[in-house]
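# Structural features, examined
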Amino acid sequence: MASTSPERVAAAETDGSVLIRRLEIADRERGFLPLLSQLSSCPDLTASEFAACFADLAALGDDHVILVAEDPAAAPGRRILSTGCLFVERKFLRGGGKVGHVEDVVVDAAARGRGLGLRVVRRLVEIAKEAGCYKVILDCTPELRAYYAKCGFVEKGVQMAVYF
Ligand SMILES: CC(=O)SCCNC(=O)CCNC(=O)[C@H](O)C(C)(C)COP(=O)(O)OP(=O)(O)OC[C@H]1O[C@@H](n2cnc3c(N)ncnc32)[C@H](O)[C@@H]1OP(=O)(O)O
């Protein structure tokens, strides 16, 4: 995840106004946590708590990729418009195969309907393919079936969970 990782994948792409790139530590000041709170509970982290979490995830290298979509023209604290995460799970199955898990996809409420969610998820799927994953999976609510179908996913199986 960290921009300092030697095995970092080249994730950046731009349409001229919004840049999609990997999460940077400075994104705490650009609205990353308030954006995540539009998806689920995401209490604020101090700068040092954020840095510690960033370092833990950065240690996973290209097995944990967090993308953000940044609008450099927006107000400084509201520049991160979208995010999504890819976790690469390594297996003994399939000759030491890899499975990509897409998690924590969210677009700022004011920026929805502009194709940002599609761009972020498609880029995550490309990264998973480039990493050698044989499939990419995710969990979502029934209401999001059509959105993820637009992103190239097909329905498969049933989600089960134990919450603590
Ligand atoms: C694995 C997970 O993380 S699941 C959690 C997903 N996140 C959330 O539910 C958080 C709240 N919602 C959001 O952040 C956004 O609404 C998202 C991420 C679901 C969609 O992001 P957007 O940027 O608005 O979607 P985007 O504009 O890229 O839409 C792409 C296509 O999907 C369609 N679409 C978008 N949202 C939906 C929806 N809820 N239901 C059906 N179709 C949808 C769009 O109409 C568009 O179709 P088109 O290309 O034919 O015009």
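This text follows the structure it describes.
Residues numbered from 1 in each chain as written. Predicted model: local features only at pLDDT ≥ 70, side-chain atom pairs only at ≥ 80, totals over all residues. Heavy atoms only, no water.

What follows concerns the pattern of salt bridges. Applying the stated rule across the entire model yields 14 salt bridges. The residue Glu70 makes a salt bridge to Arg21 at a minimum N-O spacing of 3.1 Å. Of the two residues, Glu70 sits in strand S3 (residues 64-70) while Arg21 sits in strand S2 (residues 19-22), which places them 49 residues apart along the sequence. For Glu70, a relative accessible area of 10% corresponds to the buried category. The class of Arg21 is buried, set by a relative accessible area of 6%. Residues Arg78 and Asp108 are paired through a salt bridge, measuring 3.7 Å at the closest nitrogen-oxygen approach. Of this pair, Arg78 sits in the loop between S3 and strand S4 (80-90) while Asp108 sits in the loop between strand S5 (98-107) and helix H4 (116-130), placing them 30 residues apart in sequence. By relative accessible area, Asp108 is classed as buried at 11%. Among the charged side chains, a salt-bridge network with shared partners connects Arg21, Glu24, Asp27, Arg30 and Glu70. (Salt bridge = Lys/Arg side-chain N within 4 Å of Asp/Glu carboxyl O. Helix = DSSP H or I, 4+ residues; strand = E, 2+ residues; numbered from the N terminus. Buried < 20%, exposed > 50% of the residue type's maximum accessible area, 1.4 Å probe, protein only.)

In the vicinity of the ligand there are 21 residues, among which Val105, Val107, Gly113, Gly115 and Leu118 approach most closely. Within the contact set of the ligand, an oxygen atom lies 2.8 Å away from a backbone nitrogen or oxygen of Val107. Within the backbone of Leu118, an N or O atom sits 2.9 Å from an oxygen atom of the ligand. When the free accessible area of the ligand is taken as 970 Å², the share hidden by the protein chains comes to 69%. Broken down by element, the residue count for the shell around the ligand peaks at six residues, all from S5. (Near = heavy atom within 4 Å. Polar contact = N/O pair within 3.5 Å; in protein donor to acceptor, adjacent residues only side chain to side chain. Areas by Shrake-Rupley, 256 points an atom, 1.4 Å probe, with all protein chains shown as cover.)

A sheet is described by the order of its strands in space; here six strands give the open sequence S1-S2-S3-S4-S5-S6, paired in mixed fashion. Where the open sheet ends on each side, the last strands, each with one partner, are strand S1 (13-14) and strand S6 (135-137). As paired elements, S2 and S3 share four bridges and run antiparallel to each other. Bridge pairing in S3 links Ile20 to Ala69. Sitting on the sheet, H4 is in contact with S1, S2, S3, S4, S5 and S6, with an inclination near 25° to S4. (Pairing = 2+ DSSP bridges. Contact = heavy atoms within 4.5 Å. Axes fitted to C-alpha atoms, helices over the stretch in contact; angles between N-to-C directions.)

Looking at the secondary structure, you find Asp27 in the loop between S2 and helix H1 (32-36). Judged by its relative accessible area of 0%, Asp27 falls in the buried class. Residue contacts for Asp27: discarding those within four places in its chain leaves Arg21, Arg22, Phe32, Val68 and Ile80.

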